[in-house]
Amino acid sequence: MRTAHQTPAFATLVGSPQEVKSRLEKSAAEQVIVLPVTTGGAQRAGLLAQAVASIATFLDEALGAQNEQTLKALVNAVVPKVPPTPALIREASMIARSRKAVLDGADWLTAAQVAELAGLSANNPSTQPNKWKRQHQIFALSHNGVDYYPGYGLDPDTGFRPRKELKAVLEVFGDRKDGWGLAYWFLAVNSFLGGRRPQDVLAVEPAQVVAAARDEIEDVAHA
C-alpha cells in the first residue's frame, strides 16, 4: 500500500481493503470516501487516486463558496434592500399612533363576542357577523389577522344587530375606505357634526351621521 497523492486537506490511500482498513483505524479523519477499483491493478488505482486528490481541494473550495453564496442570499432576502428613510419611519410611527387611538377609542368585538351578545349560534359564531359584513350592514377592521367589529355599530334595542343607519353610511363611502379608514372617520371629530365624533352621534342622530358622510364625499369630489 502507498499514499498516491497528498494535499494539505486531503490524502488518498491505495492498497488492498485490508491494508487501507489498517491505516484508516489510525486516521483522525471525520469522514472518508471509498473508491473500489475492480480492474487494472495497483497502477490503475494509483493513477485514479492521484486524479481524485488533485481535484478534491478544488471541489471542496467550490462547495464552500456555494454555501457562502447561499447564506448571503438568505440574509439578503431577510434584510431590506435599503435602510428605511426617516420619512418612512415617521409615517409608520404616525400610523401606529392612529391605530392605537382607534383601538382605545371604542369597544371592538370579535365575531365570537358579537355572536354571544346577539344570541347567535355558538357552533360557528363567525358566520352571521361575516355575513353582515359582506352585506355592508357593519364593517370590521383587521388587527393581527383577526376581524374586530365596532361596538357602536350594534343596536342593543334590536338584540345587538347592526344599526340600520350604519348600512347607509357604509353605502355612502362604498369602497373609498377600508375598515381602518372607516374607523378613523368615526373616531375623528367632525365639523359637520359640530365638533362631535360620528361614533358618538350614530345612536342618537343617525341621519346627521349619514349626512356628514355625504358631505365628506362631496368635499373630496370637489377638491
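Along each chain, numbering runs from 1 in the same order as the chain's sequence is written. Note on the predicted model: pLDDT of at least 70 is required for a residue's local features to be given, and 80 or more for side-chain atom pairs to be given and counted; whole-chain, interface and lining totals, by contrast, use all residues. With hydrogens and water set aside, each side-chain value is computed from the structure's full complement of heavy atoms.

A. Structural context of helix α4 (residues 111-118). Within the sequence span of α4, burial applies to Ala111, Val114, Ala115 and Ala118. Take α4 and look down its axis: the buried residues cluster within an arc of 100 degrees, on one side only. The contact rule is simple, with two residues in contact once any of their heavy atoms fall within 4.5 Å. Strands are runs of DSSP state E lasting at least 2 residues, helices are runs of H or I lasting at least 4, and numbering of each runs from the N terminus. Check the buried side of α4 and you find it contacts β3 (108-109), α5 (127-134), β5 (146-150), β6 (154-155) and β7 (161-162). Immediately downstream of α4, the backbone of Gly119 shows phi near 65 degrees, a positive value. Exposed residues in this analysis have more than 50% of their type's maximum accessible area, buried residues have under 20%, and partly exposed residues fall in between, with area computed by a 1.4 Å probe over protein chains only. An arc is given here, and it is the one of the directions from the helix axis to the C-beta atoms.

B. Summary view of the packing of aromatic side chains. Ring geometry is summarised as follows: Phe, Tyr and Trp rings, the Trp one being its six-membered ring, pair when their centres sit within 6.5 Å, and such pairs are stacked at plane angles under 30 degrees, edge-to-face over 60 and tilted between the two. Summed over the entire model, instances satisfying the criterion amount to 7 aromatic pairs. Ring geometry for Tyr152 against Phe186: centres 5.4 Å apart, planes inclined by 35 degrees, an arrangement best described as tilted. Of this pair, Tyr152 sits in the loop between β5 and β6 while Phe186 sits in helix α7 (residues 179-187), placing them 34 residues apart in sequence. Residues Tyr152 and Phe186 agree in their burial class; the two are buried. Through successive ring pairs, a cluster of aromatic residues spans Trp108, Phe139, Tyr152, Phe173, Trp185 and Phe186. By definition here, charges over rings are those cases where NZ of Lys or CZ of Arg is within 6 Å of the ring centre and within 35 degrees of the ring normal. Between the NZ or CZ atom of Arg99 and the centre of the ring of Trp180, over which it lies, the distance is 4.3 Å.

C. View of the sheet that holds strand β4 (residues 141-143). The 3 strands lie next to each other as β3-β5-β4, forming an open sheet whose pairing is antiparallel. Each having just a single partner strand, β3 and β4 make up the two edges of the open sheet. Sheet topology note: the β3/β5 ladder contains 2 bridges and is antiparallel. Following the sheet pairing, Trp108 is matched in β5 by Pro150. All axes here are fitted lines through C-alpha atoms, helices being fitted over the stretch that makes contact, and every angle between N-to-C directions spans 0 to 180 degrees. Where α7 meets the sheet, its contacts fall on β3 and β4, and the angle it forms with β4 comes to roughly 110 degrees. Here, a strand pair is defined by DSSP locating no fewer than two bridges between the strands.

D. Molecular detail of the nonpolar core. Residues belong to one nonpolar core when they are buried, are Ala, Val, Leu, Ile, Met, Phe, Trp, Tyr or Cys, and are joined through side-chain atoms within 4.5 Å. In terms of nonpolar packing, the biggest core is built from 34 residues, with Trp108, Phe139, Val169, Trp185 and Phe186 touching the most fellow members. Residue assignment for this core shows that the elements contributing at least two residues are β3, α4, α6 (164-173), α7 and α9 (206-222). In terms of residue count, the dominant contributor to this core is α7 (6 residues). Setting aside anything within four residues of it in sequence, one finds Trp108 in contact with Val102, Leu103, Gln113, Phe139, Leu141, Tyr148, Tyr149, Pro150, Tyr152 and Ala183.

E. Inspection of the pattern of salt bridges at higher detail. Salt-bridge detection follows one rule: a side-chain nitrogen of Lys or Arg within 4 Å of a carboxyl oxygen of Asp or Glu. Taken as a whole, this structure holds 7 salt bridges when the rule is applied. The salt bridge involving Glu216 is made with Lys177; its shortest N-O contact spans 3.1 Å. Highlighted residues: Glu216 in helix α9 and Lys177 in the loop between α6 and α7, separated in sequence by 39 residues. Residue Arg197 pairs with Asp200 through a salt bridge whose shortest N-O separation is 2.8 Å.

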